[in-house]
Amino acid sequence: MESPDALIGAGELEPQPGRVAQTLRRWLMRTARVAAVESLSPYFRRVRLEGEELVDAAWEQGQKIQVAMGTGLSARTYTPISWDNDRGATDLLIFTHGDGPGSRWASRLRAGAACQFMGPRRSLDLVGFGTPLTLFGFGTPLTLFGDETSFALAVSLRATLGGGLNSVFEVSDKVEAQSVLDAVGLGGAALVERRPDDGHLEAATAALWRFADHGARFVLTGKAQSIQQANRALRAGGVAPSRIKAKAYWAPGKTGLD
């Protein structure tokens, strides 16, 4: 996951952290090297990080890492889509749209660059819903609602659940979103294009309701206001709170939600 950030000119130089920040980063963070960067669309990049400090990390689907940005200890949060403990490697799917330092970092990334991060650590707690191999019980599907910032979570869950995952996303550009989802193996997701008045959320809720009668449990992620509306609609229709988990990744004008 990550808050939407705006692209900034790649010719600008990124300030380097001072001595105190460098020392704290060494104590608190892991170090990795950017092994590969792939542009999947104008606003999506797939990034591979590698390094000895990624070996045997205790990562589970849905957990986050926080990558250092700028000159201090500020960081941006991302959900790894995979983690290879033997090789010491993790893959990120990064959405670079909006206004903030995260997309400046992602848009400038090149293979060979160094980065520092904290984690992995818990973000979306699915432990109460079951283990990854029996998530929500035998034969019970999981339905994920979110937006572009939720694609990475969907990829990581899909790897575990296979056909047991259904996804509904609100997106700004259906064509771009579909091309990215096809590239990462999520071509069957339902996409609802945003409208300025949020009128599209009615269609998104209707898409979620297709799975409610089959006993699905729901994980609601992405924009805080959209989660609230989807949550209200599901509960009003009789979906028990125990079948719903919610995690806001961002809200307009706010930082630090995750």
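Before reading on, note that the structure itself is shown above.
It should be emphasised that the depicted structure is a prediction, and the values quoted were computed from it without experimental measurement. (Residues numbered from 1 in each chain as written. Predicted model: local features only at pLDDT ≥ 70, side-chain atom pairs only at ≥ 80, totals over all residues. Heavy atoms only, no water.)

Caption draft 1: Local environment of the nonpolar core. Among the nonpolar cores identified, the biggest contains 28 residues, and F44, L93, L144, F151, F169 and L181 are the most heavily contacted of them. Secondary structure elements with two or more residues in this core: β6 (89–95), β8 (142–146), α3 (151–161), β9 (165–171), α4 (174–183) and β12 (244–250). Considering every element that reaches this core, the biggest residue donor is α3, with seven residues. Dropping the residues within four chain positions of it, F44 is found in contact with E38, S39, L93, I94, F95, T96, E148, F151, E176 and V180. The next biggest cluster of nonpolar side chains, apart from the first, holds 19 residues, and it includes L54, W59, L92 and W105. (Core = buried A, V, L, I, M, F, W, Y, C linked by side-chain atoms within 4.5 Å. Buried < 20%, exposed > 50% of the residue type's maximum accessible area, 1.4 Å probe, protein only. Helix = DSSP H or I, 4+ residues; strand = E, 2+ residues; numbered from the N terminus. Contact = heavy atoms within 4.5 Å.)

Caption draft 2: Inspection of the environment of V47 at higher detail. Topologically, V47 is positioned in strand β2 (residues 44–50). Those residues in contact with V47 that lie beyond four places of it in its chain are V34, A36, V37, T90, D91, L92, I94 and L109.

Caption draft 3: Highlighting the sheet that holds β12. Pairing is parallel across the open sheet formed by five strands, whose spatial order is β10-β9-β8-β11-β12. Among the strands making up the open sheet, the edge pair consists of β10 (190–193) and β12. The average undirected angle you get between the axes of adjacent strands in this sheet is 15°. Across four bridges, the pairing between β9 and β10 is parallel. By the bridge assignment for β10, V171 is matched with E193. Across the sheet, α3 touches β8, β9, β11 (217–223) and β12, and the angle it forms with β9 is around 170°. (Pairing = 2+ DSSP bridges. Axes fitted to C-alpha atoms, helices over the stretch in contact; angles between N-to-C directions.)

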